[in-house]
Amino acid sequence: MRRFVRIFLTLLATVLAGSFVAAQEQPAPAAPSVMQSPILTVDTDRLYSQSAFGLRAAKEIEERGADLAAENRKIEAELTAEEQDLTDKRATMDAEAFRSLADVFDEKVQSTRRAQEAKGRELSQLLEKEQIAFLNAAAPVLETLMREAGAAVILERRSVFLSANVIDITDAAIARIDAALGDGTK
């Protein structure tokens, strides 16, 4: 999640850098639901994980992970049976023929392991891709909240030593992001 926070802060800084100048030139009227403060905080992990977008992505990734785990168990059972068959044949084969079959089996195991590990990496990359897409889509909503509060900066809540809870906009941001993005499938 630290990587998610770094990605979030980098994307947010990039988006907000250009818009801050414009926001200073024409201040937007403050909405009563947002605390007026030059500094706001947000919990980016909660922002993602409790948003409809994040919940949908987590469900999809969990389902794919469960499918991959089931596939791994099936492959493991097949390889175990094949290994047992090879072990049973060992007593009736000459050493060279057995070694040849054992080498083929070992290569199959290694190849299968590499393929399954690649699928696991793809799943991790999908999670990261979803998080980046979320942050890109959420940035304008956060920017609007920042302008409404008259804030110059939004800080990651975990990076702040001490603050008043009233400057945490996580709940408001989740509500507005959900209203703007839904689950991200639109």
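This is a predicted model, so every value here is computed, not measured.

Trainee: Account for the packing of helix H3 (residues 52-90) against helix H4 (residues 95-149), naming residues and giving values.
Mentor: Where H3 contacts H4, the two axes come as close as 11 Å, and the packing angle between them is 175°. Overall, the two elements H3 and H4 adopt an arrangement that is roughly antiparallel.

Trainee: Could you give me a rundown of the packing of aromatic side chains, with the residues and numbers involved?
Mentor: Tallying each qualifying case throughout the model produces two aromatic pairs. Geometrically, the ring pair formed by Tyr 48 and Phe 134 is edge-to-face, given 5.2 Å between the ring centres and 70° between the ring planes. You can see Tyr 48 sitting in helix H2 (residues 44-49) and its partner Phe 134 sitting in helix H4, a full 86 residues away along the chain. By relative accessible area, which is 4% here, Tyr 48 ends up buried. For Phe 134, a relative accessible area of 0% puts it in the buried group. Cluster of aromatic residues (ring-pair linked, three or more members): Tyr 48, Phe 53 and Phe 134. Sitting above the plane of the Phe 53 ring, Arg 56 keeps its charged end 4.9 Å from the centroid.

Trainee: Describe the packing of H4 against helix H5 (residues 170-181), and please don't skip the residues or the numbers.
Mentor: In the contact formed by H4 and H5, the axes pass within 10 Å of each other and the chain directions differ by 125°. The orientation of H4 with respect to H5, classified from their angle, is oblique. Like other packed secondary-structure pairs, H4 and H5 cross with a definite hand, here right-handed. Here H4 contributes Phe 134, Ala 137, Ala 138, Val 141, Leu 142, Thr 144, Leu 145 and Glu 148 to the contact with H5, which in turn contributes Ala 172, Ala 173, Arg 176, Ile 177, Ala 180 and Leu 181.

Trainee: Please set out H5 residue by residue, giving values where relevant.
Mentor: Every α-helix carries 3.6 residues per turn, so stepping three or four residues along brings you back to the same face. With twelve residues, H5 ought to run about 16 Å at 1.5 Å a step, and its terminal C-alpha atoms sit 16 Å apart, in line with that. Listing the buried residues of H5 in full gives Thr 170, Ala 173, Ile 174, Ile 177 and Leu 181. With its buried residues spanning 100° around the axis, H5 presents them on a single face. When the buried face of H5 is taken as reference, the exposed residues oriented beyond 90 degrees from it are Asp 171 and Ala 179. Considering only its buried residues, H5 is in contact with strand S1 (39-42), H2, H3 and H4.

Trainee: Pulling in residues and values, what's your account of the nonpolar core?
Mentor: Core analysis: the largest hydrophobic core is formed by 23 residues, its most contacted members being Leu 40, Leu 47, Phe 134, Leu 142, Ile 154, Ile 169 and Ile 177. Every element with two or more residues in this core is listed here: S1, H2, H3, H4 and H5. Tallying contributions element by element places H4 first for this core, with eight residues. When residues no more than four places from it in sequence are discounted, the contact partners of Ile 169 are Leu 40, Thr 41, Val 42, Leu 142, Leu 145 and Ile 154. One finds Ile 75, Leu 79, Phe 98 and Phe 105 within the second-largest nonpolar core, a separate group that totals seven residues.

Trainee: Quick one: what's the story with the pattern of salt bridges, residue by residue and with numbers?
Mentor: Any two side chains of opposite charge can pair, so long as their charged atoms come close to each other. Under the criterion given, the structure shown has 15 salt bridges. Residues Asp 45 and Arg 158 are paired through a salt bridge, measuring 3.2 Å at the closest nitrogen-oxygen approach. With Asp 45 in helix H2 and Arg 158 in the loop between strand S2 (153-156) and H5, this residue pair connects regions lying 113 residues apart in the sequence. Classification of Asp 45 by relative accessible area gives buried; the value is 19%. Note on Arg 158: relative accessible area 45%, which makes it partly exposed. Linking Asp 171 and Arg 46 is a salt bridge whose minimum nitrogen-to-oxygen distance equals 2.8 Å. With a gap of 125 residues between them, Asp 171 in helix H5 and Arg 46 in helix H2 connect regions that are remote in the sequence. Here Arg 46 falls in the partly exposed class, since its relative accessible area comes to 23%. Residues participating in the shared-partner salt-bridge network are Asp 43, Asp 45, Glu 156 and Arg 158.

Cut-offs used in this document
Residues numbered from 1 in each chain as written. Predicted model: local features only at pLDDT ≥ 70, side-chain atom pairs only at ≥ 80, totals over all residues. Heavy atoms only, no water. Axes fitted to C-alpha atoms, helices over the stretch in contact; angles between N-to-C directions. Helix = DSSP H or I, 4+ residues; strand = E, 2+ residues; numbered from the N terminus. Parallel < 35°, antiparallel > 145°, perpendicular 65-115°, else oblique. Phe/Tyr/Trp six-rings, centres within 6.5 Å; stacked < 30°, edge-to-face > 60°. Buried < 20%, exposed > 50% of the residue type's maximum accessible area, 1.4 Å probe, protein only. Lys NZ or Arg CZ within 6 Å of the ring centre and 35° of its normal. Left-handed = near helix turned anticlockwise from the far one by under 90°. Contact = heavy atoms within 4.5 Å. Expected span 1.5 Å × (residues − 1). Arc of directions from axis to C-beta. Core = buried A, V, L, I, M, F, W, Y, C linked by side-chain atoms within 4.5 Å. Salt bridge = Lys/Arg side-chain N within 4 Å of Asp/Glu carboxyl O.

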